[in-house]
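# Results of the structural survey
Each chain is listed here by its residues.
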Amino acid sequence: MNIIRNIRTPIMHRAVEANGFVFVGGTIADDTSVSMGEQTRNILGKIAGYLKEAGTDPSRVVGASIFVTDLSKKKEMDAAWTEFFGDDLPARATIGVADLGGGALIEVVVTALKG
């Protein structure tokens, strides 16, 4: 199996390609002072860029794990999520957590098919 690592940061690669899949690591918003919906939109835009660099796109996302610090704001996240994915909604788990650090309200991890 060939493994390709993309977009290195000091502690990880943003995207790793393996066995026909692209795995995008946990992504938070650039500006964590904005609403859950705005953070979600920013994160999904970043993920779209990571996927493009790995040779795929958001319509190929098959699964996601979403970590949120305030489940009462989940509707804001859901609205941004459906705006972004439209009818190509992936399987998804939303998990409430105590803290994501740096004021982040949400962190998203996705898996997509290559191509």
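Details of the structure are given in the entry above.
Counting restarts for each chain: residues are numbered from 1 in the order of the written sequence. Only residues with pLDDT of 70 or above have their local features reported here, since the model is predicted, and side-chain atom pairs are shown and tallied only from 80 upward, although totals for entire chains, interfaces and linings are computed over all residues. Only heavy atoms go into the side-chain values, all of them from the structure, while hydrogens and water stay out.

## Observations regarding the overall build of the protein chain
Using the following cut-off: Runs of H or I in DSSP of at least four residues are treated as helices and runs of E of at least two as strands, each being numbered from the N terminus. Note that the radius of gyration is over C-alpha atoms, with the globule rule given as 2.2 Å times the number of residues to the power 0.38.
The helix and strand tally for the protein chain stands at 2 helices and 6 strands. The order of helices and strands in the protein chain, counted from the N terminus, is β-β-β-α-β-α-β-β. Since a compact globule built from 115 residues should have a radius of gyration of about 13 Å, the 14 Å found for the protein chain is in line with a globular shape. Overall, the C-alpha framework of the protein chain stretches about 40 × 35 × 20 Å when taken along its three principal axes.

## Comments concerning the nonpolar core
One recurring pattern in soluble globular proteins is that nonpolar side chains are buried together. In plain terms, the rule: What is meant by a nonpolar core is a set of buried Ala, Val, Leu, Ile, Met, Phe, Trp, Tyr and Cys residues, joined one to another through side-chain atoms within 4.5 Å. For every residue, the accessible area (1.4 Å probe, protein chains only) is compared with the maximum for its type, and the residue is labelled buried under 20%, exposed over 50%, or partly exposed between those bounds. Throughout, a residue-residue contact means that at least one pair of heavy atoms, one from each residue, lies within 4.5 Å.
Core analysis: the biggest nonpolar cluster contains 23 residues, and Val24, Trp81, Ile106 and Val108 have the highest contact counts within it. When residues of this core are traced back to their parent elements, those giving at least two are strand E3 (21-27), helix H1 (36-53), strand E4 (61-68), helix H2 (74-85) and strand E6 (106-113). In terms of residue count, H1 provides more of this core than any other element does, 6 residues in total. With sequence-adjacent residues up to four places away left out, isoleucine 106 is seen in contact with Thr27, Ile28, Met36, Gln39, Thr40, Ile43, Ile66, Phe67, Val68, Met77 and Leu100.

## A word on the pairing of E6
Counted only if it meets this: Here, strands pair whenever DSSP counts at least two bridges between them.
The two faces of E6 differ: Ile106, Val108, Val110 and Ala112 on one face are buried, but Glu107, Val109, Thr111 and Leu113 on the other face are not. For E4 and E6, the ladder comprises 7 bridges, and the chain directions are antiparallel. Bridging from a neighbouring strand, valine 68 pairs with isoleucine 106 of E6.

## A word on the packing of aromatic side chains
Selection rule: Ring pairs are drawn from Phe, Tyr and Trp, using the six-membered ring of Trp, whenever the two centres fall within 6.5 Å, and their geometry is named by plane angle: stacked under 30 degrees, edge-to-face over 60, tilted for the rest.
According to the stated counting rule, one finds 3 aromatic pairs in the structure shown. Aromatic pair phenylalanine 21 and phenylalanine 23: ring centres 6.1 Å apart, planes at 40 degrees, arrangement tilted. Judged by its relative accessible area of 30%, phenylalanine 21 is partly exposed. Plain terms: the ring middles of phenylalanine 84 and phenylalanine 85 are 4.9 Å apart, the flat faces sit at 90 degrees to each other, and that makes the pair edge-to-face. Classification of phenylalanine 85 as buried rests on a relative accessible area of 6%.

## Some points on H1
In an α-helix there are 3.6 residues to a turn, and that puts residues three or four apart on one side. Applicable threshold: To estimate the expected span of a helix, subtract one from its residue number and multiply by 1.5 Å.
The end-to-end C-alpha separation of H1 is 26 Å, in line with the 26 Å expected for 18 residues at 1.5 Å each. Three or more residues of H1 are buried, namely Met36, Gly37, Gln39, Thr40, Ile43, Leu44, Lys46, Ile47, Tyr50 and Leu51. Directly after H1, the chain includes glycine 55, whose backbone phi takes a positive value near 85 degrees.

Worth remembering: the numbers are spatial, not functional.
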